[in-house]
Amino acid sequence: MSRVSASPTLKVLLEAEKLRRQGVDVVDFGAGEPDFPTPEHAKAEAVRAIDENFTKYTPAAGITELKQAIAARYRADYGVAFADSEIIATAGGKQALYNVAMVLYERGDEVITHAPYWPTIVEQIKLADATPVVVHTRAEEGFTVHPEAIIEAITPRTKAIVINSPCNPTGAVSSEEQIAAIVDAAARRGIWIVLDLCYEKLIYDPVPHNLPKLLTDRMRDRTILACSASKTYSMTGWRCGWTIAPPAVIAACNALQSHSTSNVASISQRAALAALTGPQEPVRTMLDEYRKRRDSLHAWLTADPRIECTKPAGAFYLFPRITRLLSPGGIRTSAEFAQALLDDVRVAVTAGEGFDAPGYLRISYATSMERLREGADRLMNFVRRLEQTGKAVTAS
Ligand SMILES: Cc1ncc(COP(=O)(O)O)c(C=O)c1O
């Protein structure tokens, strides 16, 4: 445990929440979760589950109906068929990845992933006593994964490569060509690919991104998909995700889960089932709204050339570089910047340090347009004040 750190993204939330409880008006750009309500039909199904006393243990891997609904969704969306034995319902995408880390990685293994990363990916590798090997993506390439860089990091000890697309914190959507090159290299060497698809439905343009098919066509026996209802259906608190993997991996995850958390809450399973099988309109509505917010916030912030930010292709985060606002005599790091922003103008953002990307900020736009406008104004005022007090260079 001494090698593992607590989630920095949750820390920001906690601090902002503490201030809010004291009555302070905080604009929260720290949230890693949708601000929309869970779709009505999912909520109604949960109420029905309670009324029907569907409130007991279920099989640890989840009810058959849910596994079949997951399979049907992926068949419809990606044209890939999965059997019940290839699916386990988990307490969110986090446990979907955690189980895999525990059953697959061990001491001596190297597991490659890409930064800026969602910190849990790396901490879980460490929890399994394996060694994370981090390959940095570049802002100039929109933070997409560069196959050559990943392939170069492969050694005889490489057990798996974890890819997250769309990516938290950058919003990057790597191309099918990029992923295919990595998958082909992994297939030749017997390396597992773990794909974190938590934001799979949050892609703004109709770019080809059928990663489940791409992977299963190439190396089904070493493909693992870690997925979640959290962001797609605005169900973060229900804790329902799923792992799709070869039956032996699922059996191992089931054994682990049966001795740890056991089944996802029965009521949540019914809600997720309804979300997956019911109308998908809410998903499109949320995506359309996120797109508007992304475009507006991006325009407001990048009006200042010192805030450098490519427009993300997916997820709901902007990930600007703010190094031109930092100086040895003023605010020196993005962590200091985030703290000063919260202290001075009550805007909560997550500093890039937590994602192995110092010099950047993660700004979540999973909040209303009105709050985005307010937060952007406050941030710009903060920057102007830095400039006036000589703590930041002028924009020109
Ligand atoms: C990249 C990524 N993967 C997985 C998850 C897991 O989310 P959950 O456990 O709520 O499904 C998150 C949540 O923030 C995430 O950002």
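Counting of residues starts from 1 at the beginning of each chain's written sequence and follows it residue by residue. Local features in a predicted model are, by the rule used here, given only for residues with pLDDT of at least 70; side-chain atom pairs are given and counted only at 80 or more, and totals for whole chains, interfaces and linings are based on all residues. Side-chain metrics rest on all non-hydrogen atoms present in the structure, leaving aside hydrogens and water.

Caption draft 1: Broad picture of the overall build of the protein chain. For the protein chain, the helix and strand inventory stands at 13 helices and twelve strands. Each radius of gyration reported is based on C-alpha atoms, and the globular scaling rule is 2.2 Å times the count of residues to the power 0.38. On C-alpha atoms alone, the protein chain measures out to a radius of gyration of 21 Å, which is about the 21 Å that the 2.2 N^0.38 rule sets for 396 residues. Relative accessible area decides the class of each residue, using a 1.4 Å probe on protein chains only: under 20% of the type maximum gives buried, over 50% gives exposed, and in between gives partly exposed. Evaluated residue by residue, the protein chain yields a buried proportion of 57% over its 396 residues. Any two residues whose heavy atoms approach within 4.5 Å are treated as being in contact. Counting contacts in the protein chain only where the partners sit at least 6 residues apart, residues at least 24 apart contribute 75% of the total. Put simply, DSSP H or I for four residues or longer makes a helix, DSSP E for two residues or longer makes a strand, and each gets a number counted from the N terminus.

Caption draft 2: Summary view of the nonpolar core. Joining through side-chain atoms within 4.5 Å is the link that ties buried Ala, Val, Leu, Ile, Met, Phe, Trp, Tyr and Cys residues into a set, and such a set is a nonpolar core. In this structure, Leu 66, Ile 161 and Ile 193 are the most contacted members of the largest nonpolar core, which totals 50 residues. With six residues, the top contributor of residues to this core is helix 3 (residues 64–78). Other than its neighbours up to four places away in sequence, Ile 193 contacts Ile 161, Ile 163, Ile 182, Val 183, Ala 186, Leu 215, Met 219, Arg 222, Thr 223 and Ile 224. Counting residues in hydrophobic clusters, the runner-up holds 41 residues, among them Leu 301, Ile 322, Ile 363 and Leu 386.

Caption draft 3: How the structure looks around the site of the ligand. Near, as used in this document, describes a residue that has one of its heavy atoms within 4 Å of the molecule or strand being considered. Close to the ligand lie 13 residues, the nearest being Gly 93, Asn 168, Asp 196, Ser 228 and Lys 231. Polar contact is defined as a pair of N or O atoms within 3.5 Å, subject to the rule that within protein one atom must be able to donate a hydrogen and the other to accept it, and that residues adjacent in sequence are counted only when both atoms are side-chain atoms. The contact in question runs from an oxygen atom of the ligand to an N or O atom on the side chain of Asn 168, over 2.7 Å. For the ligand, a nitrogen atom lies 2.6 Å from a polar atom in the side chain of Asp 196. Here the Shrake-Rupley method, with its probe set to 1.4 Å, supplies the accessible areas, and only the displayed protein chains count as covering residues. Protein chains bury 92% of the 400 Å² of accessible surface belonging to the ligand in isolation.

Caption draft 4: Local environment of the packing of helix 12 (residues 334–345) against helix 13 (residues 369–388). Running from N to C, helix 12 and helix 13 point in directions that differ by 105°, and their axes come no closer than 11 Å. With respect to helix 13, the axis of helix 12 lies roughly perpendicular. From helix 12, Phe 337, Ala 340, Leu 341, Asp 344 and Val 345 reach across to helix 13, where they touch Arg 378, Leu 379, Phe 382, Val 383, Arg 385 and Leu 386. Looking at side-chain class alone, the contact of helix 12 with helix 13 contains eight nonpolar, no polar and three charged residues. Axes, fitted as lines to C-alpha atoms, cover a helix only where it is in contact. Angles between the N-to-C directions of the axes lie from 0 to 180 degrees. When describing relative orientation, an angle under 35 degrees is termed roughly parallel and one over 145 degrees roughly antiparallel, while 65 to 115 degrees is termed roughly perpendicular and anything else oblique. Residue polarity follows a fixed list, in which Ala, Val, Leu, Ile, Met, Phe, Trp, Tyr, Cys and Pro are nonpolar, Asp, Glu, Lys and Arg are charged, and the others, Gly among them, are polar.

Caption draft 5: Quick look at the state of the cysteines. Throughout, a disulfide means two cysteine sulfur atoms within 2.5 Å of one another. For the structure shown, the criterion picks out zero disulfides. Of all cysteine sulfurs in the structure, the one in Cys 227 sits closest to Cys 240, which takes part in no disulfide; the separation is 11 Å. For Cys 240, a relative accessible area of 1% gives the class buried. Cys 167 provides the cysteine sulfur closest to Cys 309, a residue in no disulfide bond, and the two sulfurs are 13 Å apart.

Caption draft 6: Region of the structure containing the packing of helix 11 (residues 281–302) against helix 13. It is at 10 Å that the axes of helix 11 and helix 13 come closest, and there the two elements cross at 15°. Relative to helix 13, the element helix 11 is oriented roughly parallel. Taken as a pair, helix 11 and helix 13 cross one another with a handedness that is right-handed. In contact with Lys 292, Arg 293, Ser 296, Leu 297, Trp 300 and Leu 301 of helix 11, helix 13 contributes Met 369, Leu 372, Arg 373, Ala 376, Leu 379 and Met 380. Handedness of each helix crossing follows the sense of rotation of the near helix against the far helix: counterclockwise by less than a right angle gives left-handed, clockwise gives right-handed.

Caption draft 7: Representation of the sheet that holds strand 9 (residues 317–318) in the model. Being paired, for any two strands, means DSSP has found at least two bridges between them. Overall, antiparallel pairing links the three strands, which are arranged 9-12-11 in an open sheet. Every interior strand has two partners, whereas the edge strands, strand 9 and strand 11 (350–351), have only one.

Caption draft 8: Looking closely at helix 7 (residues 176–189). Between the first and last residue of a helix there are one fewer steps than residues, each counted as 1.5 Å, and that sum is the expected span. Here helix 7 contains 14 residues, and its C-alpha end-to-end distance of 20 Å stays within 8% of the 20 Å for a straight helix at 1.5 Å per residue. Buried within helix 7 we find Glu 176, Gln 178, Ile 179, Ala 180, Ile 182, Val 183, Ala 185 and Ala 186. Looking at the buried residues of helix 7, the elements they touch are helix 6 (147–152), strand 5 (158–164), strand 6 (192–196) and helix 8 (211–219). Just past helix 7, the residue Gly 190 takes up positive phi, approximately 70°.

Caption draft 9: Structural view of a nonpolar patch on the surface. A patch consists of residues exposed above 30% relative accessible area that lack any salt bridge, with like charges linked at up to 9 Å and nonpolar side chains (Val, Leu, Ile, Met, Phe, Trp, Tyr) linked at up to 5 Å. The working definition used for a salt bridge is a side-chain nitrogen of Lys or Arg within 4 Å of a carboxyl oxygen of Asp or Glu. Together, Met 1, Tyr 98 and Leu 127 make up an exposed nonpolar region whose accessible area comes to about 320 Å². Tracing the chain through its elements places Tyr 98 in helix 4 (residues 92–104).

Caption draft 10: Structural context of the pairing of strand 2 (residues 87–90). Covered by surrounding structure in strand 2 are Ile 87 and Ala 89 together with Ile 88 and Thr 90, the residues of both alternating faces. Pairing analysis gives four bridges linking strand 2 to strand 8 (residues 241–244), with the strands arranged antiparallel. Each bridged residue has a counterpart across the sheet, and for Ala 89 the counterpart in strand 8 is Trp 242.

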